[in-house]
Number of protein chains: 2
Amino acid sequence: MLTKQELIKYCNDARQNYLDHVSIDCVVFGFHEGQMKVLLLKTHHEEKWYLPGGFVLKEEPIEMAANRILMERTGLDKIFLQQFHVFGDPDRSKFHNDLYKDMLPTQENWFAGRFLSIGYYALVDFFEVTPQPDQFSESCTWRDLDDVPELQLDHELIFKTALDALRLQLNYQPIGYNLMPKEFTMPELQKLYETILDKKLDRRNFQRRILAFGILNRAEQPRKGGAHKAPYLYSFDLENYRHALTEGFKGGW
Amino acid sequence: MLTKQELIKYCNDARQNYLDHVSIDCVVFGFHEGQMKVLLLKTHHEEKWYLPGGFVLKEEPIEMAANRILMERTGLDKIFLQQFHVFGDPDRSKFHNDLYKDMLPTQENWFAGRFLSIGYYALVDFFEVTPQPDQFSESCTWRDLDDVPELQLDHELIFKTALDALRLQLNYQPIGYNLMPKEFTMPELQKLYETILDKKLDRRNFQRRILAFGILNRAEQPRKGGAHKAPYLYSFDLENYRHALTEGFKGGW
DNA sequence: TACAATTGTGTACTTTATACACCTTTGTTT
DNA sequence: AAACAAAGGTGTATAAAGTACACAATTGTA
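Residues numbered from 1 in each chain as written. Chains lettered and ligands numbered in written order. Predicted model: local features only at pLDDT ≥ 70, side-chain atom pairs only at ≥ 80, totals over all residues. Heavy atoms only, no water.

1. Some points on the overall build of chain A
What counts is decided by this rule: Comment: elements are numbered from the N terminus, with helices defined as DSSP H or I runs of at least four residues and strands as E runs of at least two. Partly exposed residues are those whose accessible area sits between 20% and 50% of the maximum for their type, while under 20% is buried and over 50% is exposed, using a 1.4 Å probe and protein chains only. Residue contacts are defined here by distance: any two heavy atoms, one from each residue, within 4.5 Å place the two residues in contact. Under the convention used here, a 1.4 Å probe and the Shrake-Rupley method define accessible areas, while residue burial counts only the protein chains that appear. For this count, His and the chain ends are skipped, Lys and Arg are scored as positive, and Asp and Glu as negative. The location of each charge is read from NZ of Lys, CZ of Arg, CG of Asp or CD of Glu.
Looking only at helices and strands, one finds seven helices and nine strands in chain A. Principal-axis analysis of the C-alpha atoms places the extent of chain A at approximately 65 × 45 × 30 Å. By residue count, 49% of the 253 residues in chain A fall in the buried class. At a minimum sequence separation of 6, the contacts of chain A that also span at least 24 residues come to 74%. As displayed, chain A offers around 13400 Å² of accessible surface, 50% of which is attributable to carbon and sulfur atoms. Where the 31 positive side-chain charges of chain A centre and where its 37 negative ones centre are 6 Å apart.

2. Looking at the protein's contact with DNA strand D
This is how it is decided: Here a residue counts as near a molecule or strand whenever at least one of its heavy atoms sits within 4 Å of it. N or O atoms closer than or at 3.5 Å make up a polar contact, with two conditions inside protein: a donor-capable atom paired with an acceptor-capable one, and, for residues adjacent in sequence, both atoms drawn from side chains. Gly is placed with the polar residues, together with every amino acid not listed as nonpolar (Ala, Val, Leu, Ile, Met, Phe, Trp, Tyr, Cys and Pro) or charged (Asp, Glu, Lys and Arg).
DNA strand D sits among 20 residues. The nearest are Arg-203, Arg-204 and Tyr-232 of chain A together with Arg-204 and Asn-205 of chain B. For DNA strand D, the fraction of atoms within 4 Å of the protein that belong to sugar or phosphate moieties is 46%. Between DNA strand D and the protein, one listed contact pairs a base nitrogen with a side-chain N or O atom of His-228 of chain A at 3.2 Å. Arg-204 of chain B is positioned with one of its side-chain polar atoms (N or O) 2.7 Å from a base nitrogen of DNA strand D. Of all the secondary structure elements, the ones that give two or more residues to the surface near DNA strand D are α6 (203–212) of chain A together with α6 (203–212) of chain B. Here the residues of the surface near DNA strand D sort into four nonpolar, five polar and 11 charged.

3. Some details on unusual backbone geometry
Even without being glycine, Asn-178 of chain A reaches a positive phi, approximately 80°. Along the polypeptide, Asn-178 of chain A turns up in the loop between α4 (155–169) and α5 (186–197).

4. Structural notes on the protein's contact with DNA strand C
Around DNA strand C sit 19 residues in total, of which Arg-204 and His-228 of chain A together with Arg-203, Arg-204 and Tyr-232 of chain B are the nearest. The contact in question runs from a base oxygen of DNA strand C to an N or O atom on the side chain of Arg-208 of chain B, over 3.3 Å. Mapped by element, the contributors of at least two residues to the surface near DNA strand C are α6 of chain A together with α6 of chain B. Looking at the surface near DNA strand C element by element, the count peaks at five residues for α6 of chain A. Split by residue class, the surface near DNA strand C holds four nonpolar, four polar and 11 charged.

5. Observations concerning the relation of the copies chain B and chain A
Between the two copies of this chain, the relationship is a rotation about some axis together with a displacement along it. Inclusion rule: Here the copies are superposed with least squares, the fitted atoms being C-alpha atoms of residues at a pLDDT of at least 70 in both.
With an RMSD of 0.1 Å, the fit of chain B onto chain A corresponds to turning through 180° and sliding 0.0 Å along the axis. Viewed as a symmetry operation, the transformation between the two copies matches a two-fold axis. Mapped onto chain A, 100% of the interface residues of chain B are again interface residues, and the two copies thus contact each other with one and the same surface.

6. Observations concerning the interface of chain B and chain A
Put simply, the rule is: Throughout, buried area stands for the accessible area (probe radius 1.4 Å) lost by two parts on being put together, summed over both.
With 35 residues of chain B at the contact, the number on the chain A side is 36 residues. In total, chain B and chain A occlude about 2800 Å² of area from one another, counting both sides; carbon and sulfur atoms represent 65% of this. The interface formed by chain B and chain A includes eight residue pairs in polar contact (both at pLDDT 80 or more). Where the side of chain B that touches chain A is concerned, the elements lending two or more residues are β1 (18–32), β4 (53–57), β5 (82–87), β6 (116–125), α5 (186–197) and α6 of chain B. Sorting elements by how many residues they give to the side of chain B that touches chain A places β1 of chain B first, with four residues. For the side of chain B that touches chain A, the residue count by class is 20 nonpolar, seven polar and eight charged.

7. Some points on the domain arrangement of chain A
All names here are of chain A. Stated precisely, the cut-off is as follows: Each domain's extent was defined by an automatic or database domain assignment. Think of a salt bridge as a Lys or Arg side-chain nitrogen and an Asp or Glu carboxyl oxygen that are within 4 Å of each other.
Segmentation of chain A into domains returns domain 1 (4–169) and domain 2 (186–247). Contact residues are listed per partner, giving seven residues for domain 1 and six residues for domain 2. Across the domain 1/domain 2 interface, buried area totals approximately 610 Å², and carbon plus sulfur atoms make up 76% of it. Counting the contacts that link domain 1 with domain 2 gives zero salt bridges. Seen at the junction of domain 1 and domain 2, the total is two residue pairs in polar contact (both at pLDDT 80 or more). Among the secondary structure elements, those contributing two or more residues to the side of domain 1 that touches domain 2 are β2 (35–43) and α4. Residue classes in the side of domain 1 that touches domain 2 are distributed as four nonpolar, two polar and one charged.

8. Some details on the side chain of Asp-154 of chain B
One can find Asp-154 of chain B in the loop between β7 (137–144) and α4 (155–169). Sequence-distant contacts of Asp-154 of chain B, that is, excluding residues within four places in its chain, are made with Phe-87 and Arg-92 of chain B.

9. Quick word on helix α2 (residues 62–74) of chain B
All names here are of chain B. Heads up, the rule is: The span one expects for a helix is its residue count, reduced by one, times 1.5 Å.
Between its first and last C-alpha, α2 extends 18 Å over 13 residues, near the 18 Å set by a 1.5 Å rise per residue. For α2, the full list of buried residues reads Ile-62, Ala-65, Ala-66, Arg-68, Ile-69, Leu-70, Arg-73 and Thr-74. Once α2 ends, the next one or two residues include Gly-75, with phi positive near 80°.

10. Points about the environment of Phe-184 of chain B
Residues and elements named next belong to chain B. Mapping Phe-184 onto the fold places it in the loop between α4 and α5. Along the sequence, Phe-184 and Phe-236 sit 52 residues apart, while their C-alpha atoms lie 9.3 Å from each other. Other than its neighbours up to four places away in sequence, Phe-184 contacts Leu-189, Leu-216, Arg-223, Tyr-232, Leu-233, Tyr-234, Ser-235 and Phe-236.

11. Considering the packing of aromatic side chains
Applicable threshold: Within 6.5 Å between ring centres, the rings of Phe, Tyr and Trp (the latter by its six-membered ring) count as paired, and their orientation is classed by plane angle as stacked under 30 degrees, edge-to-face over 60, tilted in between. To sit over a ring, a charge needs its Lys NZ or Arg CZ within 6 Å of the ring centre and within 35 degrees of the ring normal.
Applying the stated criterion to the full structure yields 36 aromatic pairs over all chains. Here Trp-110 of chain A and Phe-111 of chain A contribute two aromatic rings whose centre-to-centre distance is 5.3 Å and whose plane-to-plane angle is 90°, an arrangement assigned as edge-to-face. For Trp-110 of chain A, a relative accessible area of 4% corresponds to the buried category. Overall, Phe-111 of chain A belongs to the partly exposed group, its relative accessible area being 25%. Aromatic side chains Phe-55 of chain B and Trp-110 of chain B sit 4.9 Å apart centroid to centroid with 80° between the ring planes, which places their arrangement in the edge-to-face category. Residue Phe-55 of chain B is located in strand β4, and its partner Trp-110 of chain B is located in the loop between α3 (94–98) and β6; the two are separated by 55 residues in the primary sequence. Pairwise contacts between aromatic rings join Tyr-18, Phe-55, Trp-110, Phe-111 and Phe-115 of chain A into one cluster. The cationic tip of Lys-37 of chain A hangs over the ring face of Phe-126 of chain A; the distance from NZ or CZ to the ring centre is 5.6 Å.

Take a look at the structure:
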């Protein structure tokens with residue numbers, strides 16, 4: 001809970017710098033070695049969880065805003081964010097809007113206005129980044145997908161919609177660059193798909209299909225040292241990968 | 001061109017009623033008997049073409065806003081609109097913003113502010129609806145997809161992005177209800193797909209594939225009276241159609 | 001009556017998808 | 001050292017889907 005002075009200061013700052021009525025919320029999925037998580041913020045002294053979100057500067061492109069917001073609120077930089085939906089229910093922040101209504105008249109409280117929220121999602125390796133909570137948050141932590149706490153506002157809807165969008169994306173776009181180490185084994189890549197889809201895939205059929213996409217290069221030398229048979233190492237063929245990103249996989253019709 | 005008094009009046013009205021910084025633009029694709037068109041507005045006394053767009057009322061859900069805007073600007077009612085993207089470049093309406101800068105200082109001109117635009121698209125039978133221009137427009141007309149005039153602002157980008165979204169949709173959702181008459185022949189339905197995709201499909205393979213989706217019922221009696229062999233008539237199985245709409249066609253992974 | 005246009009139906013071939021089995025490698029157990 | 005378990009590479013049989021065709025049936029027109 002803010003003091004009245006703090007609230008007024010934040011309102012003035014926001015009114016001056018941010019575009020009114022528009023916010024951005026980011027759903028950052030984290031993957032590492034078969035585990036999938038989502039990045040959440042928890043406010044000070046409360047058990048209230050949020051997706052990292054924020055506002056758009058008056059002259060800022062929204063893609064830049066999404067990246068800046070993610071950076072400011074979680075410390076994560078240079079993450080590829082993908083716009084997926086706008087959440088525009090006028091009541092979506094009703095509870096939030098009323099929070100400070102006794103302290104400051106709603107008309108004077110910039111944050112109590114109506115906000116549409118543009119949803120962005122991303123998929124990162126959570127071992128490659130170190131989330132840092134901002135001043136408003138007590139913690140910024142990865143939560144297992146099957147252990148997501150109750151979220152504030154409509155953030156559960158945003159989260160679920162993002163997960164659907166991500167799963168749909170698997171069908172016509174390559175995925176995994178920036179998630180896998182430079183070289184990785186086929187079972188490791190399969191884990192990624194299985195984790196996102198939350199189901200088991202056949203080892204051999206997965207291999208055939210993913211190889212058919214033509215976005216992988218196999219290294220000469222297999223990985224050594226581990227227990228069991230030495231697996232081959234693969235890396236993404238960046239050129240083909242990027243091409244597949246823009247062109248998509250199967251044409252459909 | 002508006003007079004200064006008119007502009008001031010519109011600004012006041014808008015400031016009072018509309019959410020600042022947010023607009024909606026609709027890309028309405030029209031289809032009938034193998035022709036595909038897009039609905040455009042032309043301003044009075046100018047050769048300036050726009051997509052039908054407008055603003056969101058302060059307490060209005062954005063889906064309702066999209067429908068109201070389409071109704072107000074084109075007369076089209078009860079059209080299923082699908083949100084597909086937000087266009088958030090701060091310069092997207094730069095030219096438009098400067099239009100009245102000599103008449104009214106930019107700060108006082110509500111319309112000269114920055115607007116994000118939420119894109120919606122729809123697909124309708126253009127024989128079933130009668131577009132009516134609103135007071136701002138000289139005409140509201142269907143234009144052939146390959147004869148789209150130069151569009152104002154970033155409306156060409158919005159149009160093209162909508163077309164991509166529509167084509168992508170063909171791969172995992174049924175389409176055509178509300179576009180085809182209650183009963184239609186297979187070649188007629190094929191025309192729809194060919195027109196949207198702008199390419200020829202094999203007659204026989206199309207039939208097999210579309211029938212495999214299980215969303216069509218074949219009538220007992222073929223159509224009579226026309227020249228040539230009497231074709232069978234089909235209608236959409238609404239239950240299966242709706243199911244396919246929510247579930248999607250092929251799972252992919 | 002021949003013909004062109006349109007539509008229905010079939011079939012061979014290719015490609016993908018699915019469901020399996022078997023072998024190799026490597027560290028651990030006995 | 002031999003046996004074993006676990007992980008991983010590769011293959012194959014079958015089914016389903018996609019592609020490319022050919023031919024027959026119907027109907028109005030030349």
